[in-house]
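For reference, the chains in residue letters:
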Amino acid sequence: MKFRSTALVKGFRQSAPYVNAHRGKTIVIMLGGEAIADPNFANIVNDIALLNSLGLRIVIVYGTRPQMRSLLKQTEHHAPFHKGIRITDEQTLELVKQIAGQLQLDITARLSMSLNNTPMAGAQINVISGNFVIAQPLGVDDGIDYCHSGRVRRIDTQGINRMLDQQSIVLLGPVASSVTGECFNLLSEDVATQLAIRLNADKLIGFCSEQGVLNEKGQILAELFPSEAEEILQRLEKELTPENGKLTGTMRFLKGAISACKAGVPRSHLISYKEDGALIQELFSFDGIGTQVVMASSEQVRDAEIDDIGGILDLIRPLEEEGILVRRSREQLEQEIAQFTIIEKDGLVIACAALYPFPEEGMAEMGCVAVHPDYRDGDRGVTLLNRLRTKAKQFKLSQLFVLTTRSLHWFREQGFIEVEVSHLPMTKQKLYNFQRKSKILVLKTQ
């Protein structure tokens, strides 16, 4: 009897919604020199090839820092920094060009693999590099001439998009030419950030040694708004000393992510280049694995407070009058307010849902789900579901159930399965209203 991997089948099924969501999306991947030098780099390349085969539009920007440090040491050439930026004289520029050219060829070669015994079998990826980025010199600052250190002046977004439309991967490095025909050494993080902004990319993805941004307890922060990321960056910068005065990979990414998010890039992800499969787990799993920096919004998802009762009542009363929701008194809401999650927009409660745990049965009920009529075209119901699903997992509850009379298809679209009354917790079975005939649906939280 042949062994069948149900875990493999389950993984494919669970990833399908994320595959559909990412198809056709534009992502900019920052690959620092540290990631390229790491033993896990071959797996990262395989994962990028997989993303390409799934229809994502991919731009890769690579860096050269550790390789450049090694070459400078070998040649005994001194290339000082000013305000964290390397001063690129003529000799330094030649070394940068040497390293950048070598890495470009190495990355292209890896993306060109198609051996039958590798994950990239039959991939046939076209890797395009070119003069898509036009640079300009940084100039002189505090009397210090940066020489051939530069910044992004212009990006040929139309040319890049033509390549991406053909399902090619665009590969760019830290060296770019100017309108005068000179070459300049750019910060790879700045190149990636400007590309994400000007291409209107859906995601900016960076790699560092840690699995995301860590709090003071060493725990991964799954999500940050730009303002929160700025506070963390300021704290990290204050901790710099003359001995460790250089920005870390995490700090450089945060600077880029903050700029990208403020300019309209919806999400920036930071993951570890040491973790095999981190890129796939971050993009194609419910919880992700690293840190996301997301655009600040006038909408806020938060736990409800006692002052929100009036707004919740205004939201649910019309649905109660139609018989869609079971009527709740103000007193009942006051008692249950801690169970509620709301979405607030400009001071108005535009959506709500409650979570009622049944810990002995390992279940929780998602109840009182309501979205303001003016805001039902978005994904706010999905946002509430994801928030309550995460809460249920935190309580170690394995199943989420709902009772509904009107929204059967919506819940089924989200993965709920219809079950019988006997599937409910015993206390809920005793309260079930057989005259109302609500449909019962269940979703696993894992």
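Figured I'd write up the structure that's included with this text. These numbers come from a predicted model, not from an experiment.

### Some words on the sheet that holds strand β13 (residues 203–208)
Part 1 of the argument: As summarised here, the arrangement of the eight strands in space is β5-β10-β2-β1-β13-β15-β16-β14, forming an open sheet in which the pairing is mixed. With partners counted over all chains shown, the strands left at the sheet margins are β5 (127–128) and β14 (223–224), one partner each.
Part 2 of the argument: For strand β15 (residues 267–272) and strand β16 (residues 291–294), the ladder comprises four bridges, and the chain directions are antiparallel. Residue pairing in the sheet places L270 in a bridge with T291 of β16.

### Some points on the packing of helix α7 (residues 188–198) against helix α9 (residues 249–262)
Part 1 of the argument: The interhelical angle for the contact between α7 and α9, taken along N-to-C directions, is 20 degrees, at an axis separation of 9 Å. With respect to α9, the axis of α7 lies roughly parallel. Judged by the twist between their axes, the crossing of α7 over α9 is right-handed. When α7 is examined against α9, the residues E189, T193 and I197 are found in contact with a partner set consisting of R252, G256, S259 and A260.

### Side note on helix α3 (residues 41–53)
An α-helix turns once every 3.6 residues. As a result, residues three or four positions apart point the same way.
Part 1 of the argument: Compared with an ideal rise of 1.5 Å per residue, which puts 13 residues at 18 Å, α3 spans 19 Å between its outermost C-alpha atoms and is within 8% of the ideal.
Part 2 of the argument: Those residues of α3 that fall on the buried side of the exposure criterion are F41, I44, V45, N46, D47, I48, A49, L51 and N52.
Part 3 of the argument: In the stretch just after α3, G55 is the one whose phi turns positive, near 95 degrees.

### As for unusual backbone geometry
Part 1 of the argument: Despite not being glycine, D142 has its phi angle at roughly 55 degrees, a positive value.
Part 2 of the argument: Mapped onto the elements, D142 comes out in the loop between β7 (140–141) and β8 (144–145).
Part 3 of the argument: The phi torsion at N200 lies on the positive side, around 55 degrees, for a residue other than glycine.
Part 4 of the argument: A relative accessible area of 64% places N200 in the exposed class.

### Comments concerning the nonpolar core
Most often, soluble globular proteins keep nonpolar side chains buried together rather than apart.
Part 1 of the argument: V28, V59, V133, I160, V170, L186 and L195 are the most contacted members of the largest nonpolar core, which has 41 residues in total.
Part 2 of the argument: Examining the composition of this core, we find that seven residues originate from one element, α9, more than from any other.
Part 3 of the argument: Among residues more than four places away in sequence, those in contact with V170 are I58, V59, I60, I128, F132, I160, M163 and L164.
Part 4 of the argument: Ranked by size, the runner-up nonpolar core spans 40 residues in total, among them L56, L111, Y273 and I289.

### Some remarks on the side chain of E365
Part 1 of the argument: Relative to the helices and strands, E365 is located in strand β20 (residues 363–371).
Part 2 of the argument: At 2.9 Å, the side chain of E365 and the side chain of K428 are in polar contact.
Part 3 of the argument: Sequence-distant contacts of E365, defined by excluding residues within four places in its chain, comprise A354, L355, Y356, F358, F401, L403 and K428.

### What about the sheet that holds strand β22 (residues 417–419)?
Note on sheets: strands pair through backbone hydrogen bonds, and any given pair is parallel or antiparallel.
Part 1 of the argument: Pairing within the open sheet is mixed, and its seven strands lie in the order β17-β18-β19-β20-β21-β23-β22. Of all the strands in the sheet, the pair left with one neighbour each is β17 (299–303) and β22. Strand-to-strand twist of the sheet, defined as the mean angle between neighbouring strand axes without regard to direction, takes the value 30 degrees.
Part 2 of the argument: One ladder, built from six bridges, connects strand β21 (residues 399–404) with strand β23 (residues 439–444); its direction is antiparallel. The residue of β23 that forms the bridge with Q399 is K444.
Part 3 of the argument: Lying on the sheet, helix α11 (residues 309–321) is in contact with β18 (340–345), β19 (348–358) and β20; it crosses β19 at an angle near 85 degrees.
Part 4 of the argument: Its contacts with the sheet place helix α13 (residues 380–394) against β17, β18, β19, β20, β21 and β23, and it is angled at close to 30 degrees to β19.

Conventions used here
- Residues numbered from 1 in each chain as written.
- Predicted model: local features only at pLDDT ≥ 70, side-chain atom pairs only at ≥ 80, totals over all residues.
- Heavy atoms only, no water.
- Pairing = 2+ DSSP bridges.
- Helix = DSSP H or I, 4+ residues; strand = E, 2+ residues; numbered from the N terminus.
- Axes fitted to C-alpha atoms, helices over the stretch in contact; angles between N-to-C directions.
- Parallel < 35°, antiparallel > 145°, perpendicular 65-115°, else oblique.
- Left-handed = near helix turned anticlockwise from the far one by under 90°.
- Contact = heavy atoms within 4.5 Å.
- Expected span 1.5 Å × (residues − 1).
- Buried < 20%, exposed > 50% of the residue type's maximum accessible area, 1.4 Å probe, protein only.
- Core = buried A, V, L, I, M, F, W, Y, C linked by side-chain atoms within 4.5 Å.
- Polar contact = N/O pair within 3.5 Å; in protein donor to acceptor, adjacent residues only side chain to side chain.

Shape is all these values report; function is a separate question.
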